[in-house]
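The primary structure of each chain is shown beneath.
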Amino acid sequence: MFYAEAFDVIVVGGGHAGTEAALAAARMGANTLLLTHNIETIGQMSCNPAIGGIGKGHLVKEIDALGGAMALAIDKGGIQFRTLNSSKGPAVRATRAQADRTLYKNAIRDIVENQENLTLFQQSVDDLIVENDRVCGVVTQMGLKFSAKTVVLTVGTFLGGTIHIGLENYRGGRAGDPPSIALADRLRALPFRVDRLKTGTPARLDARSLDFSVMQPQPGDNPTPVFSFMGDRTMHPTQIPCYITHTNEKTHDIIRGGLDRSPMFTGVIEGIGPRYCPSIEDKITRFADKSSHQIFVEPEGLNSIEVYPNGISTSLPFDVQMNLVRSIKGFENAHIVRPGYAIEYDFFDPRDLKQTLETKFIEGLFFAGQINGTTGYEEAGAQGLVAGANAALQVQQKDPLVLRRDQAYMGVLIDDLATMGTKEPYRMFTSRAEYRLLLREDNADSRLTAMGREIGLVDDARWAKFNQKMEAVESELQRLRGQWIHPEHVAAPQLNTMLKNPVSREHSLEELIRRPEMTYSQLMEIESVGPGLEDPIASEQVEIQIKYAGYIARQMDEIAKTQRHENTLLPVDMDFSKISGLSNEVVAKLTEARPETIGKASRISGITPAAISLLLVYLKKHG
Ligand code: FAD
């Protein structure tokens, strides 16, 4: 039976990718259906209750700049906020917040339920309707068919999911949820390249059984950082600290003693796990000389007794988990509320995707989130937004949304996936971006909000606030360029107390801020100069734009240079073996990846600038 109404966009899965995809498509006016296993788990955090961090915080700000939900939800659900790398340069400063799981989920659900053009339906999707290599809808577990012009699959760790605890294993999508077996089988029958990955999570502990007095408290920052460009700290609930403790030699001995029953070390798990979020058994094996590893003891919520011990993710048997946990300072009497486990699942080679996240083989079918080989809520949310927007744009027969690497971490993420693929769960880092100084958290809105507004992702309220901020920044920059202080100026004596070398000639305020010892807020303390901008976010923007102007200009030059060749096309049938000077390895890599452009070729790992020059010379001769 067909459901009476046909949709423009169907999003399958209500996780982090699915909610952003459905919201994006609906914001753009597409008639959208969010179909998910269980409406109660919309926005559920499968693993650690935290949003942001280095590279990830940047993605959250970008999602927000395009009108997405994640930043607003964490502003409403965050119980400990910090700015990481606060003493470093603005490019790598990153916001991170510990979440109250329930408050976060409720905030996402609230946004989803109040979104116009968005319908919810609870059922498992078992099949896709595909005609002439174009997706036309989906079929649910009870045989109900839904028609749609486009479908976005965001089914996370659920495809063929197998949960491992020691040598025991069973099918599951994550603890407490069923796997997607029928859909996994259906997708495996389509021409996509598929493989297995693995991820894991630690045991959850009962806070009442822990001794926090012997652990080191870690309060959040004061004042608390804010995630959303539309947020403010009055949205934040009560703030509470996290704690720090450590593993010790005894813990490591217990783990070593259990490795013969570890599904990872006995070959039961074949999927590759996240390199940057390894299990504790992985850590003590890989870093055998380390006698201790740090554990962040993170509350799961204001009204929850559960605690997330970040750093001891494990799939060792339960008895080993129990002993290892109790060997840790402060955990001597710990009660485990939920055992740790690993999960193996299917993912699809993202090189089978276009930059829009549409699959290359089935028109109208988009993939986003963990299904593309990534790990993390933020990576999932970012892909979801782009896939949902592109599904809506396709329906509206408009140009796709493709973000470049110099425009957004979202662009870096998708370009890395679609060009290079991944062999292990992919997570974002600032080091993945070539133009870090341009892709800062603080300027995500000036990079993306206008673009989002143009395609309908950004509402009137956000647009008005954005313009107000931009105007304030611009007029303040102009004032700072135009106002001068000379040695006899009334402000000079106070100013000289702040400077290493007193002013000996006339200086604009802009020049003064450029001095390493001077900040915008300091300068504004001078009576005839200040008070300046009231909004700390706008004043931060002014200071960064002035202090880093030289570096920013240099990166812009580099981008212009690279862009000249970025879109130079490589013939589809190009025989790379004919290009003299290329090594066999480079020829093999180019032949496998078949990059469409010079830009894409340059980002394949192992393709050197020298190889690119040879390609360009060849093209010039034979092009
Ligand atoms: P998910 O959040 O998994 O959401 C998938 C959604 O799809 C769910 O709502 C599900 O019910 C629904 N769904 C699935 N199949 C169907 C179907 N057939 N029909 C209808 N609905 C369906 N990330 C980290 O960054 N670090 C970690 O250490 C980490 N550890 C993890 C450990 C475990 C055990 C798990 C399960 C996840 C872990 N993650 C970790 C990953 C993190 O949870 C994911 O990256 C993130 O949730 C992915 O978002 P998603 O939207 O792609 O999928």
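One structure accompanies this document, and this report is about it. (Residues numbered from 1 in each chain as written. Predicted model: local features only at pLDDT ≥ 70, side-chain atom pairs only at ≥ 80, totals over all residues. Heavy atoms only, no water.)

Observations regarding the packing of aromatic side chains
- If you walk through the whole model with that rule in mind, you get 11 aromatic pairs.
- With a centroid separation of 4.8 Å and an interplanar angle of 35 degrees, the aromatic rings of Tyr3 and Phe146 are classed as tilted. In this pair, Tyr3 is assigned in the segment before strand E1 (7–12) and Phe146 in strand E9 (residues 145–153), connecting sequence segments 143 residues apart.
- The class for Tyr3 is partly exposed, based on a relative accessible area of 30%.
- Relative accessible area serves as the criterion here: at 0%, Phe146 is assigned to the buried category.
- When the centroid spacing of 5.7 Å and the interplanar angle of 50 degrees are considered together, the rings of Phe192 and Phe361 count as tilted. (Phe/Tyr/Trp six-rings, centres within 6.5 Å; stacked < 30°, edge-to-face > 60°. Helix = DSSP H or I, 4+ residues; strand = E, 2+ residues; numbered from the N terminus. Buried < 20%, exposed > 50% of the residue type's maximum accessible area, 1.4 Å probe, protein only.)

Here's the deal with the site of the ligand
- Looking at the ligand, there are 35 residues lining it, with Ala17, Val125, Ser180, Gln370 and Gly376 nearest.
- Ser46 places a side-chain nitrogen or oxygen 3.4 Å from an oxygen atom of the ligand.
- Between the ligand and the protein, one listed contact pairs a nitrogen atom with a backbone N or O atom of Gly200 at 3.2 Å.
- Mapped onto the shell around the ligand, the elements with two or more residues apiece are helix H1 (16–27), strand E2 (32–36), strand E12 (194–201), strand E19 (341–348) and helix H9 (377–395).
- Of all the elements, E12 adds the most residues to the shell around the ligand, at three residues. (Near = heavy atom within 4 Å. Polar contact = N/O pair within 3.5 Å; in protein donor to acceptor, adjacent residues only side chain to side chain.)

A word on unusual backbone geometry
- Cis geometry is found at the peptide bond from Asn222 to Pro223, where omega equals 0 degrees.
- Within the fold, Pro223 resides in the loop between strand E14 (216–218) and strand E15 (242–246).
- One non-glycine residue with positive phi stands out, namely Asn117, at about 70 degrees.
- On the accessibility criterion, Asn117 (32% relative accessible area) is partly exposed.

Digging into the pattern of salt bridges
- All chains considered together, the criterion is met by 39 salt bridges.
- Among the salt bridges present, the one from Lys56 reaches Glu379, with a minimum N-O distance of 3.1 Å. With Lys56 in helix H2 (residues 56–65) and Glu379 in helix H9, this pair connects stretches of sequence that are 323 residues apart.
- Here Glu300 makes a salt bridge to Arg204, at a shortest N to O gap of 3.0 Å. (Salt bridge = Lys/Arg side-chain N within 4 Å of Asp/Glu carboxyl O.)

Topic: helix H12 (residues 460–482)
- A rise of 1.5 Å per residue sets the reference length of H12, with its 23 residues, at 33 Å; its end C-alpha atoms lie 33 Å apart and thus fit the reference within 8%.
- Of all the residues in H12, the buried ones are Arg462, Phe466, Lys469, Val473, Glu476, Leu477 and Leu480. (Expected span 1.5 Å × (residues − 1).)

Comments concerning empty space enclosed by the protein
- Taken as a whole, this structure holds two cavities of 30 Å³ or more when the rule is applied.
- For the largest cavity, the calculated volume is near 40 Å³.
- Around the largest cavity, the lining residues are Gln355, Val386, Leu401, Val402, Leu403, Met410, Gly411 and Ile414.
- For the lining of the largest cavity, the element with the highest residue contribution is helix H10 (residues 409–420), accounting for three residues. (1 Å grid on protein atoms, 1.4 Å probe; cavity = no way out; pocket = protein on both sides within 12 Å on 5 of 7 lines; lining within 4 Å. Points joined across faces, edges and corners; volume = space filled by probe spheres on them.)

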